[in-house]
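# Descriptive analysis of the structure
So the chains spell out like this:
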8 protein chains.
Amino acid sequence: MDPAKLQALLEAVQAGSTDVDAAMAALRELPYEELGYARVDHHRALRTGFPEVIYCPGKSSAQIAGIFERLIARHDQVMATRCSPEVAQEVQAAVPDLVYHAIPRLLTKGYRAPEAPTAWIAVFAAGTADLSVAEEAAITAEMGGVGVRRVWDVGVAGIHRLLDQRHQLEGVQAVIAVAGMEGALASVVGGLTDKPVIGVPTSVGYGASFGGTAALLAMLNSCAAGLAVVNIDNGFGAGHLAARIARQAVRDFA
Amino acid sequence: MDPAKLQALLEAVQAGSTDVDAAMAALRELPYEELGYARVDHHRALRTGFPEVIYCPGKSSAQIAGIFERLIARHDQVMATRCSPEVAQEVQAAVPDLVYHAIPRLLTKGYRAPEAPTAWIAVFAAGTADLSVAEEAAITAEMGGVGVRRVWDVGVAGIHRLLDQRHQLEGVQAVIAVAGMEGALASVVGGLTDKPVIGVPTSVGYGASFGGTAALLAMLNSCAAGLAVVNIDNGFGAGHLAARIARQAVRDFA
Amino acid sequence: MDPAKLQALLEAVQAGSTDVDAAMAALRELPYEELGYARVDHHRALRTGFPEVIYCPGKSSAQIAGIFERLIARHDQVMATRCSPEVAQEVQAAVPDLVYHAIPRLLTKGYRAPEAPTAWIAVFAAGTADLSVAEEAAITAEMGGVGVRRVWDVGVAGIHRLLDQRHQLEGVQAVIAVAGMEGALASVVGGLTDKPVIGVPTSVGYGASFGGTAALLAMLNSCAAGLAVVNIDNGFGAGHLAARIARQAVRDFA
Amino acid sequence: MDPAKLQALLEAVQAGSTDVDAAMAALRELPYEELGYARVDHHRALRTGFPEVIYCPGKSSAQIAGIFERLIARHDQVMATRCSPEVAQEVQAAVPDLVYHAIPRLLTKGYRAPEAPTAWIAVFAAGTADLSVAEEAAITAEMGGVGVRRVWDVGVAGIHRLLDQRHQLEGVQAVIAVAGMEGALASVVGGLTDKPVIGVPTSVGYGASFGGTAALLAMLNSCAAGLAVVNIDNGFGAGHLAARIARQAVRDFA
Amino acid sequence: MDPAKLQALLEAVQAGSTDVDAAMAALRELPYEELGYARVDHHRALRTGFPEVIYCPGKSSAQIAGIFERLIARHDQVMATRCSPEVAQEVQAAVPDLVYHAIPRLLTKGYRAPEAPTAWIAVFAAGTADLSVAEEAAITAEMGGVGVRRVWDVGVAGIHRLLDQRHQLEGVQAVIAVAGMEGALASVVGGLTDKPVIGVPTSVGYGASFGGTAALLAMLNSCAAGLAVVNIDNGFGAGHLAARIARQAVRDFA
Amino acid sequence: MDPAKLQALLEAVQAGSTDVDAAMAALRELPYEELGYARVDHHRALRTGFPEVIYCPGKSSAQIAGIFERLIARHDQVMATRCSPEVAQEVQAAVPDLVYHAIPRLLTKGYRAPEAPTAWIAVFAAGTADLSVAEEAAITAEMGGVGVRRVWDVGVAGIHRLLDQRHQLEGVQAVIAVAGMEGALASVVGGLTDKPVIGVPTSVGYGASFGGTAALLAMLNSCAAGLAVVNIDNGFGAGHLAARIARQAVRDFA
Amino acid sequence: MDPAKLQALLEAVQAGSTDVDAAMAALRELPYEELGYARVDHHRALRTGFPEVIYCPGKSSAQIAGIFERLIARHDQVMATRCSPEVAQEVQAAVPDLVYHAIPRLLTKGYRAPEAPTAWIAVFAAGTADLSVAEEAAITAEMGGVGVRRVWDVGVAGIHRLLDQRHQLEGVQAVIAVAGMEGALASVVGGLTDKPVIGVPTSVGYGASFGGTAALLAMLNSCAAGLAVVNIDNGFGAGHLAARIARQAVRDFA
Amino acid sequence: MDPAKLQALLEAVQAGSTDVDAAMAALRELPYEELGYARVDHHRALRTGFPEVIYCPGKSSAQIAGIFERLIARHDQVMATRCSPEVAQEVQAAVPDLVYHAIPRLLTKGYRAPEAPTAWIAVFAAGTADLSVAEEAAITAEMGGVGVRRVWDVGVAGIHRLLDQRHQLEGVQAVIAVAGMEGALASVVGGLTDKPVIGVPTSVGYGASFGGTAALLAMLNSCAAGLAVVNIDNGFGAGHLAARIARQAVRDFA
């Protein structure tokens, strides 16, 4: 029931052309979900500034291009995740002004790193092989208006490289730790900061890493407080959550 | 190298009784961890207000009592988690003024729900069997100075009970969703709010729940953005992280 | 917003004491969940005839007794599942007229096998060790008003005992196959009937049965069409679903 | 022993050319399976109206074409599942009048959605990536003579889209819930209806979805009553079972 | 249909009091399972000499005693497996002449090692902790009339103890290899003989043995030909199968 | 040290050209494994009639061809398992007189089904997709000189097709049951015979079959006695073991 | 065949009292395992100094006492692992001079920490709950004559406590890292030293630690070179291996 | 803070231009990680002689070539692991003097087997399919200056081939056992030597080997003392650790 219909109903009651019982019945049947939907819309408005996202796997290039076009008509920033180079090329041929980020396999419209962000996160990544996931997290957060400190190649087996970068944990509102293999980076980072930490296990590894399961379990069992975990390779989820936390913590977004 | 020793060294340089090369050598050998340790201490000071925590499993009642006494000497609030009623009784006999919370199996000193908190979280729990974990999260957050809205028995199989409580998601800075069995509560709550959401899978269930693994996997695979997950039954971890996020988002704690 | 309040609002519009815009605003704020809740209630009414259920694990005897009393006040039939003999004795001491069924560990109020049921199901169980789960399914269905044919000890390793009972598959509207170990009963029964079949894997077994996982996987991979599966040891779920299917298929319940 | 042989034996007894003992011996050796086979045939006749099905994986195009031809000779409706586009093209070149459904990867002969069905099911699918499985279920049921309401893209993270479609649960005799990732759709749908619900976990997801295992476990552990589950991606099985249930519940099929 | 009824029918045909068509109809309805059951009985007779077996878990002492009595009435040898000392004592109090074997936790009636067996098997066990399972296998085979060579404590980490016993592999018709932990005994024994080898993984071990899973997987992946595996701790199954193989290979049993 | 060398040494001692100490030293250094090797050789001789086997995965066509040539020089029958069509073609180009069996992906030299075998096995396979494994078992046994009854397409969901073939279990010395999906065939066959039964789970299936794990677990948990199991898809292992058992049971091979 | 017998045989050949063929036959029958056994004995001699070990689970107190007595008769140092306090008390009552170590649950005879060891290892343990396993490793190594530096409570979440103890890694020949939960200690220690590191995962943890599996996988996937892993909770194995490595690296043991 | 700056600071103190308090403050802020980094550098220097390593998966040929060039500038020996032939060819085109080892898929610069090594290891491999991993271990150790005895094709199913090679265990300082399938080689080798043994499970196998998990579990559960395990297929890790152990045990490297 859209507002126009509701107004018409109430006016009919006011005018006496519909009696109270009939209006009661009509309202009882009222598909509240539509009101609910409006509230959702309102929520969405509040979230403005976060990019709209297309998850590419299982969609054809034509479908992705079509969704891009619809979203671009209404949003400044749109991004597509897990987009192979081949698909990216085809979508770019159909939709102008898209940028392809090869390492995180993202296709973006309107991406720009925020110029003078007031909210900041840090993304720590253990190895070069984790960069694809780490960049996905970083760009997601940047599209959400949050500044990102990228701290790469700080795996725990060379603990001093990590400690050298400890100052990067200051002045941010959330930290993301990206690691495959034994996933210990999240625990060590968690012990070095009292900011909220989001662990992202990656599928980097072989043998008994079981596709990232080893890192996932390690992060879930971390003895560091203040740490929560997202799905294996879910850089987008971590970037989005970290941006939520950071923006909430900064006056300018409030 | 403690500050006194460092000062003595520098004074010796100043006085000329130690030359620069010898001081260089001494400093090169300087066990930086001690300086580091000092910084850690500083960090700990910043964290003041969070309770000190004792994890009971594998410790004797005497050990737990001893640790309580040491911590009480320096901290206002101390809590022990996963404490059985039998152990609690023995520890209470040894240490005065401890309160035992039977459902979350917590033993606390100095616990009080914050009187007029400026930071708030909401804890949603799916079933009555999840209350032990949910209360652990709630009390942990309260001991961190954060107000807690407890929303119990809102499992997704009766979606309207959950929707009836949706207003509880307003005016908080973080949300915890506690659920066993299929763990779907986290996804649905995640779709109803744009606050950071922390999922806590519980071991409630039988058969193919595999001790909470089903709920854990469900939460990790949630299609809702803005959700991260802690270990099965880790109410403490969720409460601690939610309080970190909430306090950071509120001016009074900054 | 309860109906009385809604009626008052509409009457105010009709009377002109509230104008349309104000009523629009009030209705826009209307907590639709309450209407929704009413619909749920209506649904519940439609379900009348199914027993109300208490899941015992994690609840104290006092809690179970309390819930029993509340439910008995409004319902003819109430049952509690997975109730140990000790708990049952304590609850029976507090609540009169409860019957304890030792094998399926059920505690019931108002249970009676339906006298001349029009809807029927058959419950096939592979071994004597599966009877606990099978009886839980059977009694659940009977409390739902459905007749139950109990066919015990028809494991597939003695296929003729099963074939001897094949006539029991005639004249029922749904079939439950309960089996642990290799769980093959569900496949064989599924091949002998074109009724809907519900498989219930049980935790009967040892070693590589992994607590019923072997039987669960076997049933999920069955080559028989028309078969679906519930959780390990979930006799209640199977009995409830089978009764739903059977009642729907019979005019008298429609 | 076919009927002709049996009749000859009995006539020989009647005529006295075979005595009772010899007939006893012959009958004792009687391969009852042949009688049994006849009963199976009778059963099959009862099932008429359900399509014959070819499972393509592991079969060559020539084999699939051959089986199609044999089945088409005796049946109006035949369908092949999990058929790749390449194989479909080759089979279509060999067998006339086959239709290929690209999304569910089905190849059908004689498929038509029933025109004025008396039995109905609803198929709810969480995401667009689940459509392949959902369509397999829908077309299977339609080939079984049952009307299908397709309700797509109603994942639980946007609960209002799902609630908006709740009316689709009215007037059907069975519901299928198709979901990958966290598989929560089945629980929520199960809480909204008292129709039999069949959950179909899909392999949609990545990382800790473990090829659909997360969704499978979630559905098996659902706190909603009246729900059973089929194998991951088994749209055919769900469609077939739902059609069985729905047809049984409707007079016209009885 | 029992033989008497069948004979009566045929006599009626012979006598002309029943015509062929009526007899045809009666026979078509004949519950062939009963004939089938007879064949099963016949098979059972062929198997005479193998002990009847009672699986104790999940049965009360009274039930076990009752089954013992019924079986003893018709069989010389009866055995009960996985019987705890407490249960054994209670059953022995009720049933005379039972012998309890503490290590394999067997309760037997009529057990005697065969005096001059013509068929032989060898049972190799890796460690003393595996003896419970190994003895269960050995006594099962002996009750089946087969001689057993017991070769204990020949784990592969001391390969020479095993090689020293290699002559025990000569002159037997089947070999059982019982091992927990890494389960390598089966592979090494399988490489030393060309007799059929049955591997029995045991649950002996801790940590990553996962209750015998490590040994089970090792045996299933053995590079030795001529080896098959039974369930974890299934000494009975191995003993029974080995006795089948050995008896079949020896003229005296043919 | 081969016998010739040993004889030469002893003759030198006898002749006095080597004294006792030197012979002692030579013998002390004697690699006793070579004696052992001789015993192995002897064993191998006893096994004559079994084919030599090449496991293809991980070997190049050239390597496979080379091994074929070496083995053909000394053996009448050689076979290569898991050989892709492409590799087979290359090997056949290099080695004359090889036959490729496309379904079981075997490449054989000197294969002929035994003409009038005295030992027999039966191979039961559940579905057409299991034929690759079943044929590997059958041909392996035939190359071992054993007759094979092939009983295809007797899955348990159509139990009568299986019962119709029950007579095939008579007159054989061992039975192989090959099945994927729920793997129930092994249990049912195991209940129909008292011959040794070898179960071969196959990787046929999808979703929760987990590459054959469901069938493997089902067979390991079978309630049928007299059944043991080989690795998933290990048709060769089953065929080899069944042939061992069958040949041993028949006088002509003794 | 001992050397004396061999010499006699050769002298007989030399003397002509045994001809070559008879000697050939005798040597062919030579039980080489006995020679092998002698070599094993020799090896054992080389190993002198390592304690003899009794693994208690599955053995009665009487059995353990008996084995202790036999071993004490020939060895200075004997130890029993995984010995509960109750069993220890009973064994101590039967065997004099045994010492019970409550934390590692060891029962030892002749244990003394080496007085002035030349070989050293370091044992790092993450948490107090890991001490049971860490002490088992330490005492095992000490009984092997190696000095042990115990470094407790250096979990990675407080990285500075660990770095403070880094000097303990100097001057040892092997390092053991003991950790439960996320097991990250092994990786960090592995990155701080170039000594051989042995990781011991412990079962300390809950939920998704799966009994130590998380720590085990983490250690196996460590990005640190020079690290190998033993079974969960296997302190004995780690202590034994570390002592082997350390003793080998030090002249005094060579 | 680099040494120059530190020296300047101390000279300023000495000269009186900076007072002690200001120097204290400066030093307190001193980024100790830089000192730490220097220590790390020193450690690296101590490790000289071990090759620098590039892990290829996830890196482009250009990246690998670039890293090679940077490392070659400073190191004599560099190696890249898990390098496909295609990538190797491209890297070789860009960087001169690289050698590709096809079986272990290594690309090396400056590899030469040590000419007269004083430290030795032995690498035992079970099957030809394990050679890729075994050679990776061997070459890694050789590049670390350690001599390697390669003992191939000594799987436990032919135990005599292994025993024939037992002398290869003499005179080495560490042993590597490489095996897939059931992984029993590590246990048997561990029982034949008192040298430190490193087990390397490989992913060789199929079905229930689960990608090497069976071998991994077997090795972790080995009953042989003195054995530790690295990740599945981690030949590099084993070779590196074995070389560490061996070099440490030999005076010339000390």
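Reading the values: the criteria
- Residue numbers run consecutively from 1 along every chain, following the written order of its sequence.
- Labels follow written order: the first chain is A, the first ligand is 1, and so on.
- With the structure being a predicted model, the display of local features is reserved for residues of pLDDT at least 70 and the display and counting of side-chain atom pairs for 80 or more, all residues being used for whole-chain, interface and lining totals.
- Side-chain numbers come from the whole structure's heavy atoms, not from hydrogens or water.
- Only heavy atoms matter for contacts: two residues are in contact if any of them lie within 4.5 Å across the pair.
- By salt bridge we mean one thing: a side-chain nitrogen of Lys or Arg within 4 Å of a carboxyl oxygen of Asp or Glu.
- For the purposes of these results, a polar contact is taken to be a pair of N or O atoms within 3.5 Å, where, inside protein, one atom must be able to donate a hydrogen and its partner to accept one; residues adjacent in sequence count only when each atom of the pair is a side-chain atom.
- Strands are runs of DSSP state E lasting at least 2 residues, helices are runs of H or I lasting at least 4, and numbering of each runs from the N terminus.
- By the convention adopted, Pro, Cys, Tyr, Trp, Phe, Met, Ile, Leu, Val and Ala count as nonpolar, Lys, Arg, Asp and Glu as charged, and the other residues, Gly among them, as polar.
- Per-residue accessibility, obtained with a 1.4 Å probe over protein chains only, is compared with the maximum for each type, and a residue is labelled buried under 20%, exposed over 50%, and partly exposed between these values.
- For helices, the fitted axis covers only the stretch in contact; all axes are lines through C-alpha atoms, and the angles between them, taken along N-to-C directions, range from 0 to 180 degrees.
- Whether a crossing is left-handed or right-handed is set by the direction in which the near helix is turned from the far one by less than a right angle, anticlockwise for left-handed and clockwise for right-handed.
- Marked domain ranges trace back to an automatic or database domain assignment.
- What gets called buried area is simply the loss in accessible area from a 1.4 Å probe that two parts show on being joined, summed for both.
- A pair of strands is labelled paired if DSSP reports no fewer than 2 bridges between them.
- By convention, orient the strands away from the viewer: a clockwise path from the first strand over the helix to the second makes the crossover right-handed.

## Points about the interface of chain B and chain A
Each partner contributes to the interface: chain B provides 34 residues, whereas chain A provides 34 residues. Linking chain B with chain A are 0 salt bridges, by the criterion used here. The tally of links between chain B and chain A comes to 11 residue pairs in polar contact (both at pLDDT 80 or more). At the level of secondary structure, the elements contributing two or more residues to the side of chain B that touches chain A comprise helix H3 (32–46), helix H9 (213–220), strand S9 (227–229) and helix H10 (235–248) of chain B. A per-element tally of the side of chain B that touches chain A places H10 of chain B first, with 6 residues. Tallied by class, residues from the side of chain B that touches chain A come to 17 nonpolar, 9 polar and 8 charged.

## Focus: unusual backbone geometry
All names here are of chain D. Look at Asp97: it is not a glycine, yet its phi comes out positive at around 70 degrees. With respect to the helices, strands and loops of the structure, Asp97 is situated in the loop between helix H5 (85–94) and strand S3 (98–101). Note on Asp97: relative accessible area 62%, which makes it exposed.

## Observations concerning the packing of helix H6 (residues 131–143) of chain G against helix H10 (residues 235–248) of chain G
Residue and element names in this part refer to chain G. Where H6 contacts H10, the two axes come as close as 7 Å, and the packing angle between them is 35 degrees. Judged by the twist between their axes, the crossing of H6 over H10 is right-handed. Along the contact surface, H6 presents Val133, Glu136, Ala137, Thr140 and Ala141, while H10 presents Gly235, Phe236, Gly239, His240 and Ala243. Broken down by class, the residue content of the contact of H6 with H10 amounts to 5 nonpolar, 4 polar and 1 charged.

## Digging into the domain arrangement of chain A
Residue and element names in this part refer to chain A. The domains assigned to chain A are domain 1 (3–109) and domain 2 (120–253). When the two sides are added together, the surface that domain 1 and domain 2 hide from each other amounts to roughly 1,300 Å², 68% of it contributed by carbon and sulfur. On inspection of domain 1 and its partner domain 2, the count reaches 0 salt bridges. When its residues are assigned to classes, the side of domain 1 that touches domain 2 shows 8 nonpolar, 6 polar and 2 charged.

## Structural notes on the pattern of salt bridges
Applying the stated criterion to the full structure yields 32 salt bridges over all chains. Salt-bridge contacts for Asp153 of chain D lead to Arg161 of chain D; the nearest nitrogen and oxygen are separated by 3.8 Å. We classify Asp153 of chain D as partly exposed; its relative accessible area is 36%. For the salt bridge of Asp194 of chain D with Lys195 of chain D, the shortest nitrogen-to-oxygen distance reads 3.9 Å. What makes Lys195 of chain D buried here is its relative accessible area of 19%. Salt bridges sharing partners connect three or more residues here, namely Glu135, Glu142 and Arg150 of chain A.

## As for the pairing of strand S2 (residues 78–81) of chain A
Residue and element names in this part refer to chain A. Side-chain alternation along S2 places Val78 and Ala80 on one buried face and Met79 and Thr81 on a second face that is also buried. The sheet contact formed by strand S1 (residues 52–55) and S2 spans 4 bridges and is parallel. Bridge pairing links Val53 to Met79 in S2. Traced from S1 through helix H4 (residues 61–74) to S2, the parallel crossover comes out right-handed.

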